[in-house]
Amino acid sequence: MPTTSAPAANGAAETRTGRPQRTLARPARYAGVGIHTGVRSEVTVRPAEPNSGLVFVRTDLPGAPSLRVSPQFAHYDAEHGRRTILKSGALEVHTMEHLLASLAGLGVDNAVIELAALEVPEPEDGSARAIVEALLAAGLAEQPVARRHIKVTRPVVLQSGSVEVVAIPADRLRLTFTIDYDNPVVGTQHLTLDITDGVFERELAAARTFVLERDVALLRAQGLIRGGTLQSALVVGDAGVLNDEPLRFKDEFVRHKMLDLLGDLALLGGPLLGHVISVRSGHATNVAFVHKLAKEIPQGGRRAERPAQEWDISAIMDIMPHRYPLLLVDRIIDLEEGKRVVGLKNVTINEPFFVGHFPGHPVMPGVLIIEAMAQLAGVLMLSKPENRGKLAFFMTIDRVKFRKAIRPGDQLLMHVDVVKLRTKSGQINGRTFVDGKLAAEASLMFTVVDA
C-alpha cells in the first residue's frame, strides 16, 4: 500500500455551521493609531473571491505586496513584544489580532485587507467595536461555496510554565478563558462562550485592551505602546481603573483576552471547530498553539455539520497520496488514535476495475478489498504528527477470508482495530461488512519508512 501524508492547505452549533463562505458586500474602512508604533493610518477591507482567505496588502510598499493569513507566516518575538506578527521575508504586518477577531467573529472567510503602515491601527477606544461597526455597515455577503473547516479531531495540549492551552473536539467554536493577575482589580476571571452568530458583537467586541499601571513605564522604556493613551486602553491600578469611562462589563478583562485569542486563532487560515480552553495565555503562547494545531491536526475538508471525529474525502486526501483510481476510502466515520478507525467505501459500476473483472458479472477484486482496509490503517498510522511525510508498506498479509461477493451498489463498512502499534511498525485486524454481514477479513502488518 504505499501511503504517505501531505501538508494541509488549509462555528456555530446551530445550522450555521454548514453555511456557505462569506465575504463583504462592499468595502469597509476605518482609521486609527498603531498601539505600539504610534503611526496613524487607515484600513480598507474589500470583498474577495471564494477560497481566497484573508489577505493583507501593504499599499505603502513598492508593488503593494500581499501576505495571506496562514500559520506558516505567524510569528511572535520578544523584541517586538505584546503583539502578533505576520511575516514573509522582509514583508511584515503587525498587531492584526483585533481585526482578525472581528472578521472571524462575524464569520468572514474571504477579504482583502489594504493597509498603509507596518502596524494595523486600533480604533480610539482600544476595543474592536468600531471595526465591527465598519464591517457591518459594509454588509456581509454569502458566497456559493461551502466553508472548509479546521476541525479538532483529538485533544491538542500546549503547556508553558503556568500557561496551558487545550483544544478538544466540539461541533462548534467554543472558547473558555481563565485569567489570574496579581492585581486586586483584575484578579481571577473565567468565561465560556460559543462563538455563534451575533455573540462576538454582543459579548466581546466592546471589551477594551488593558495594561497594569505598574507596567506602563517599563513598556514605554522598551519602545512599546507609543500610541497608547487613556482613551485607547484601560490602565489598571491597585485601586481601580484610571480611565474616566467605567468598565463596560464586570469581567471586561477576560473578555478582551478572549477577543485576542479569537484573533490569534484566525491565523490558522480558516474557521475552527473545537473547544479551546486557555489558562493565562497571551499572544506568544496563542501563536505557539496555532503552530501546534496546524502541525497535529490534518486541516480542511471536514463537513462542519457532521460529528467531530468524521473525516470527508478532502480531509482523507490531506493524509493519503492515493488518487483515482486507487483511492479506496470515501469517508472516515470514527478514528480513535492508536486504537481503531472505521471507514466507508461506496462501490459503483463506474469503478475502472469492473471493465475487465468479470464484466458480465461485476465483482470487486478481493485484493482491492484488502487494499481498502490497508489504506484505512494507513490513515490511522500516518495521521500521527511524527509520521507525517513518511510511507507505509505491507510486511505481511495473514488470515485472509472472503465471505461475500461485493458488487456495484454495495457500501463497504470497514473496521480496523490495532493489535500492536510501535513507532515504525504496526499490526491490525481488518473486517469489512456489507449490509451488516461480514464480507472479508484479514490481519495485516506494515512498516513506516522515510519517503
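Refer to the structure above for everything that follows.
From a predicted model like this one, the values you see are computed outputs, not experimental measurements.

Calculation rules
Counting restarts for each chain, with residues numbered from 1 along the sequence as it is written. A pLDDT threshold of at least 70 governs which residues receive local features in this predicted model, and a stricter bar of 80 or more applies before side-chain atom pairs are shown or counted, although totals over entire chains, interfaces and linings include all residues. Each side-chain value is worked out from all heavy atoms of the structure, with water and hydrogens disregarded. Runs of H or I in DSSP of at least four residues are treated as helices and runs of E of at least two as strands, each being numbered from the N terminus. Using a 1.4 Å probe, accessible areas were evaluated by the Shrake-Rupley method; residue-level cover was limited to the displayed protein chains. For helices, the fitted line uses only the C-alpha atoms of the stretch in contact; every axis is such a line through C-alpha atoms, and the angle between N-to-C directions lies from 0 to 180 degrees. Note that the term roughly parallel is reserved for angles under 35 degrees, roughly antiparallel for angles over 145, roughly perpendicular for angles of 65 to 115, and oblique for everything else. Rotating anticlockwise by less than a right angle from the far helix to the near helix defines a left-handed crossing, while the corresponding clockwise rotation defines a right-handed one. By definition in these notes, contact holds between two residues if any of their heavy atoms fall within 4.5 Å. Residues were grouped as follows: Ala, Val, Leu, Ile, Met, Phe, Trp, Tyr, Cys and Pro as nonpolar; Asp, Glu, Lys and Arg as charged; and all remaining residues, including Gly, as polar. Here, any two strands with at least 2 DSSP bridges between them count as paired. Aromatic contacts are taken between Phe, Tyr and Trp rings whose centres are within 6.5 Å, Trp giving its six-membered ring; a plane angle under 30 degrees counts as stacked, one over 60 as edge-to-face, and the others as tilted. Throughout this description, buried means an accessible area under 20% of the type-specific maximum (1.4 Å probe, protein chains only), exposed means over 50%, and partly exposed covers the range between. Note on terminology: a nonpolar core comprises buried Ala, Val, Leu, Ile, Met, Phe, Trp, Tyr and Cys residues joined through side-chain atoms within 4.5 Å.

Describe the overall build of the protein, naming the residues involved and giving the relevant values.
Of regular secondary structure, the protein possesses 8 helices and 24 strands. When the accessible surface of the protein is totalled, it reaches about 18,700 Å², and 53% of it is carbon and sulfur.

Now, about the packing of helix H1 (residues 97-105) against helix H2 (residues 129-138): what can you tell me, with residues and values included?
One way to put it is that H1 packs onto H2 with a least axis distance of 9 Å and a crossing angle of 45°. Regarding the angle of H1 to H2, the classification is oblique. For the crossing formed where H1 meets H2, the hand is right-handed. Contacts from His-98, Leu-99, Ser-102 and Leu-103 in H1 reach Ile-131, Val-132 and Leu-135 in H2. A per-class count over the contact of H1 with H2 returns 5 nonpolar, 2 polar and no charged.

So what about the sheet that holds strand E3 (residues 40-47)? Which residues, and what values?
The strand order E2-E3-E9-E4-E5 describes an open sheet built from 5 strands, whose pairing is mixed. The sheet is open, and its two edges are formed by strand E2 (28-33) and strand E5 (66-68), each paired on a single side. Here the average twist between neighbouring strands, direction ignored, is 20°. Alignment of E2 against E3, held across 6 bridges, turns out to be antiparallel. Paired with Ala-28 across the bridge in E3 is Val-45. Against the sheet, H1 touches E2, E3, strand E4 (54-58) and strand E9 (111-115), its axis set at about 145° to E4.

Requested: an account of the packing of helix H5 (residues 252-265) against helix H6 (residues 283-296), with residues and values cited.
Put simply, H5 and H6 touch, their axes get as near as 9 Å, and they point 35° apart. For the element pair H5 and H6, the recorded crossing hand is right-handed. From H5, Asp-260, Leu-261, Asp-264 and Leu-265 reach across to H6, where they touch His-283, Asn-286, Phe-289, Val-290 and Leu-293. Residues of the contact of H5 with H6, tallied by class, amount to 5 nonpolar, 2 polar and 2 charged.

Quick one: what's the story with the packing of aromatic side chains, residue by residue and with numbers?
The final tally for this structure, using the stated rule, is 3 aromatic pairs. When the centroid spacing of 5.6 Å and the interplanar angle of 65° are considered together, the rings of Tyr-181 and Phe-210 count as edge-to-face. On the criterion of sequence distance, the pair formed by Tyr-181 in the loop between strand E14 (173-180) and strand E15 (188-194) and Phe-210 in strand E16 (residues 210-212) is long-range, its members being 29 residues apart. Between Phe-210 and Phe-253, the aromatic rings sit 5.0 Å apart at their centres with planes inclined by 75°, giving edge-to-face as the arrangement. Of this pair, Phe-210 sits in strand E16 while Phe-253 sits in helix H5, placing them 43 residues apart in sequence. Classification of Phe-210 by relative accessible area gives buried; the value is 11%. Overall, Phe-253 belongs to the buried group, its relative accessible area being 0%. Within the aromatic cluster, the residues linked to one another by ring pairs are Tyr-181, Phe-210 and Phe-253.

With reference to specific residues and values, describe the nonpolar core.
By size, the foremost hydrophobic cluster in this structure holds 71 residues, and its most contacted members are Val-45, Phe-56 and Leu-99. The dominant element in this core, judged by the number of residues it contributes, is H5, at 7 residues. Apart from the residues within four sequence positions on either side, Val-45 is in contact with Leu-24, Arg-26, Pro-27, Ala-28, Leu-99, Leu-103, Ala-111, Val-112, Ile-113 and Leu-135. Within the second largest apolar cluster, 40 residues are counted, among which are Ala-315, Ala-377, Phe-446 and Val-448.

Go over the sheet that holds strand E8 (residues 91-94) with me, naming the residues and quoting the values.
Here 3 strands make up an open sheet; going across it, the order is E6-E7-E8 and the pairing antiparallel. What marks the edges here is a single partner per strand, and that holds for strand E6 (74-75) and E8. Here E6 pairs with strand E7 (residues 85-88) via 2 bridges, running antiparallel. Bridge pairing links Ala-74 to Leu-86 in E7.

I'd like a rundown of unusual backbone geometry, residues and numbers included.
In the segment running from Tyr-324 into Pro-325, the intervening peptide bond is cis, with an omega of 5°. Note that Pro-325 resides in the loop between helix H7 (313-319) and strand E19 (331-336). If you check the backbone angles, Asn-51 has positive phi at about 65° while not being a glycine. With respect to the helices and strands, Asn-51 occurs in the loop between E3 and E4. A residue is classified by how much of its surface remains accessible, and Asn-51, at 46% relative accessible area, is partly exposed. Its identity as a non-glycine residue notwithstanding, Ala-64 has a phi of 45°, on the positive side. Position of Ala-64 among the secondary structure elements: in the loop between E4 and E5. According to the relative accessible area criterion, Ala-64 is partly exposed, its value standing at 33%.

Can you break down H1 residue by residue, with the values?
Within H1, 8 of the 9 residues are buried, which leaves the element mostly enclosed by the surrounding structure. Within H1, burial applies to Glu-97, His-98, Leu-99, Leu-100, Ala-101, Ser-102, Leu-103 and Gly-105. Following H1 by one or two positions, Gly-107 has its phi on the positive side, about 75°.

Remember that the coordinates give geometry; whether it matters functionally is a separate question.
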